[in-house]
Amino acid sequence: MSEEPPEPPDAESVLDELSAATANSRSEPSDHSLDSSEDAAREIERKLDELMEQVHGAFPVDDVQFDEAMVRENLEELLLMLIALHGETHGKELISDLNHLFGARLSPGTVYPNLHNLEEADVLSMHAQVRTKEYAIADEEYVRATVEQTMVQHLAFGLLLYAFLPRL
């Protein structure tokens, strides 16, 4: 006798659960008046590590990994997220974050064109420094809409796969 496959959760309940899981550990807005850039870097790294812990804690499996192809496919959204967390940052730091968080070893030739495209689209602002360019979010509405759309697409795809698994 075949068992009825479980009903997949609806997108709203998944969003509610994820919101509840992350609400308790959300960090306060960034304080950019830290004593030194080294302290600021440690604070951003701590916040990024907290976000990854929230992701790992939201799933009932021990090993949540993001492969490099997925990072490449979602590079724009990841860059926007990282820049928003930093407040203002440069490409070398973003490349380092992508490596630290996702194990993705992306070249400057992959990252910088995305930054330039976002700047040309007025999503990012760029401030030239002596030896680098600092990027900041210029269009928060675009960033929110883009990240939200990508999140919903990934959740919907995950729910589709979840609904399919019992049929195997």
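This write-up is about the structure you can find in this document.

1. What to know about the packing of helix α5 (residues 91-102) against helix α6 (residues 108-120)
Next, step 1: For the pair α5 and α6, interaxial distance at closest approach is 10 Å and the crossing angle is 120°. With respect to α6, the element α5 is oriented oblique. Judged by the sense of rotation from one axis to the other, the crossing of α5 with α6 is right-handed. Counting all contacts with α5, which are made through Gly-91, Lys-92, Leu-94, Ile-95 and Leu-98, the residues of α6 involved are Pro-108, Val-111, Tyr-112 and Leu-115.
Next, step 2: Looking at the contact of α5 with α6 residue by residue, the classes come out as 7 nonpolar, 1 polar and 1 charged.

2. Describing the packing of helix α4 (residues 75-86) against helix α7 (residues 140-164)
Next, step 1: Following both chains from N to C, one finds α4 and α7 inclined at 130°, their axes separated by 10 Å at the closest point. Taken as axis vectors, α4 and α7 run oblique relative to one another. The element α4 and its partner α7 pack so that their crossing is left-handed. For the pair α4 and α7, the contacting residues are Glu-76, Glu-77 and Leu-80 in the first and Tyr-142, Val-143, Thr-146, Val-147 and Thr-150 in the second.
Next, step 2: For the contact of α4 with α7, the per-class residue count stands at 4 nonpolar, 2 polar and 2 charged.

3. A word on α7
Next, step 1: End to end, α7 covers 36 Å across 25 residues, agreeing with the expected 36 Å (1.5 Å per residue, within 8%).
Next, step 2: All of the buried residues in α7 are Val-143, Thr-146, Thr-150 and Leu-159.

4. Re the nonpolar core
Next, step 1: Leu-98, Phe-102 and Leu-115 are the most contacted members of the largest nonpolar core, which has 24 residues in total.
Next, step 2: When contributions to this core are tallied by element, the ones reaching two or more residues are α2 (37-57), α4, α5 and α6.
Next, step 3: Of the residues forming this core, the biggest block, 6 residues, is contributed by α4.
Next, step 4: In contact with Phe-102, not counting residues within four places along its chain, are Met-52, Phe-66, Val-71, Leu-78 and Asp-97.

5. What to know about the environment of Met-52
Next, step 1: The topology assignment puts Met-52 in helix α2.
Next, step 2: Sequence separation of Met-52 and Phe-102 is 50 residues, and the distance between their C-alpha atoms is 9.4 Å.
Next, step 3: For Met-52, the contacting residues outside a window of four places in its chain are Phe-66, Leu-101 and Phe-102.

6. Overview of the environment of Glu-141
Next, step 1: Secondary-structure assignment places Glu-141 in helix α7.
Next, step 2: Residue class for Glu-141 comes out exposed when judged on its relative accessible area of 69%.
Next, step 3: Considering only alpha carbons, one finds Glu-141 and Val-123, 18 residues apart in sequence, at a separation of 9.1 Å.

7. Concerning the pattern of salt bridges
Next, step 1: Per the stated rule, a full pass over the model turns up 4 salt bridges.
Next, step 2: Where Arg-46 meets Glu-43, a salt bridge forms, and the shortest distance between an N and an O atom there is 2.5 Å. Here Arg-46 pairs with Glu-43, and both are found in helix α2, just 3 residues apart, close to one helical turn.
Next, step 3: Across the salt bridge formed by Glu-50 and Arg-46, the nearest N and O atoms sit 2.1 Å from each other. Note that Glu-50 and Arg-46 are positioned in helix α2 at a spacing of 4 residues, about one turn of the helix.
Next, step 4: Its relative accessible area of 23% is what places Glu-50 among the partly exposed residues.
Next, step 5: What you see here is one network of salt bridges that share partners, running through Glu-43, Arg-46, Lys-47 and Glu-50.

What counts, and where the lines are drawn
Residues numbered from 1 in each chain as written. Predicted model: local features only at pLDDT ≥ 70, side-chain atom pairs only at ≥ 80, totals over all residues. Heavy atoms only, no water. Axes fitted to C-alpha atoms, helices over the stretch in contact; angles between N-to-C directions. Helix = DSSP H or I, 4+ residues; strand = E, 2+ residues; numbered from the N terminus. Parallel < 35°, antiparallel > 145°, perpendicular 65-115°, else oblique. Left-handed = near helix turned anticlockwise from the far one by under 90°. Contact = heavy atoms within 4.5 Å. Nonpolar A, V, L, I, M, F, W, Y, C, P; charged D, E, K, R; others polar. Expected span 1.5 Å × (residues − 1). Buried < 20%, exposed > 50% of the residue type's maximum accessible area, 1.4 Å probe, protein only. Core = buried A, V, L, I, M, F, W, Y, C linked by side-chain atoms within 4.5 Å. Salt bridge = Lys/Arg side-chain N within 4 Å of Asp/Glu carboxyl O.

By themselves, these are just geometric observations and shouldn't be taken as functional.
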